[in-house]
Amino acid sequence: MEKQYFTGAENAAALMEQVSSLLTLSLQDVKRKYANDSGRVTEYAGKEEGERLLEIRLDKAEVTVTCAFNPCGVCKSVYLFPDDNRFIRRLTAYMSDAYDYEFDNKRWVGPHGYIVAEPSPFCDGETFLRCYR
């Protein structure tokens, strides 16, 4: 049986709002936001000096969200990695209807910044979303 992954526009809108709203929050604010969530939160050191990464597993949505924080501890980018690439196709279809698309920059203008679909560096043929300001 195929999973439905946020097929409704309301669910896609809620997820994109939730994810993009993390931009500009502090590391501590994001930790507090997900402290009581059923997902798992893991903190890592980034490859750039002073960069911190916070990985949030959202089991219900079947996605992993990774926030990248600058040396000042402010979220600069949010990455959305789905368990299944069909999820990304459904989200990009939703975003194409709901958000303006800048063809020159190959990005959507979302509620809190920009959103791009990029090929995964980990799996051939897989895609992830990156939100940034």
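About the cut-offs
Residues numbered from 1 in each chain as written. Predicted model: local features only at pLDDT ≥ 70, side-chain atom pairs only at ≥ 80, totals over all residues. Heavy atoms only, no water. Helix = DSSP H or I, 4+ residues; strand = E, 2+ residues; numbered from the N terminus. Buried < 20%, exposed > 50% of the residue type's maximum accessible area, 1.4 Å probe, protein only. Areas by Shrake-Rupley, 256 points an atom, 1.4 Å probe, with all protein chains shown as cover. Phe/Tyr/Trp six-rings, centres within 6.5 Å; stacked < 30°, edge-to-face > 60°. Lys NZ or Arg CZ within 6 Å of the ring centre and 35° of its normal.

Our focus in this paragraph is the overall build of the protein chain. Scanning the protein chain from N- to C-terminus turns up three helices and eight strands. Of the regular secondary structure in the protein chain, the N- to C-terminal order runs α-α-β-β-β-β-α-β-β-β-β. Buried residues in the protein chain amount to 41% of all 133 residues. Put simply, the protein chain shows about 7,700 Å² of open surface, and 48% of that area lies on carbon and sulfur atoms.

Below, the discussion takes up the packing of aromatic side chains. With the rule as written, the count across this model stands at seven aromatic pairs. Between Tyr79 and Phe128, the ring centres sit 5.9 Å apart and the planes meet at 50°, which makes this aromatic pair tilted. Placement of Tyr79 in strand β4 (residues 75–82) and of Phe128 in strand β8 (residues 127–132) is noted, with a sequence separation of 49 residues between them. Assessed through its relative accessible area of 6%, Phe128 is described here as buried. Centroid distance Tyr101 to Phe103: 4.8 Å. Interplanar angle 75°. Geometry classified as edge-to-face. Relative accessible area serves as the criterion here: at 66%, Phe103 is assigned to the exposed category. A cation over a ring is seen here: Arg107 above Tyr114, with NZ or CZ 3.5 Å from the ring centre. One cation-aromatic arrangement involves Arg130 over Tyr132; the distance from NZ or CZ to the ring centre is 4.4 Å.

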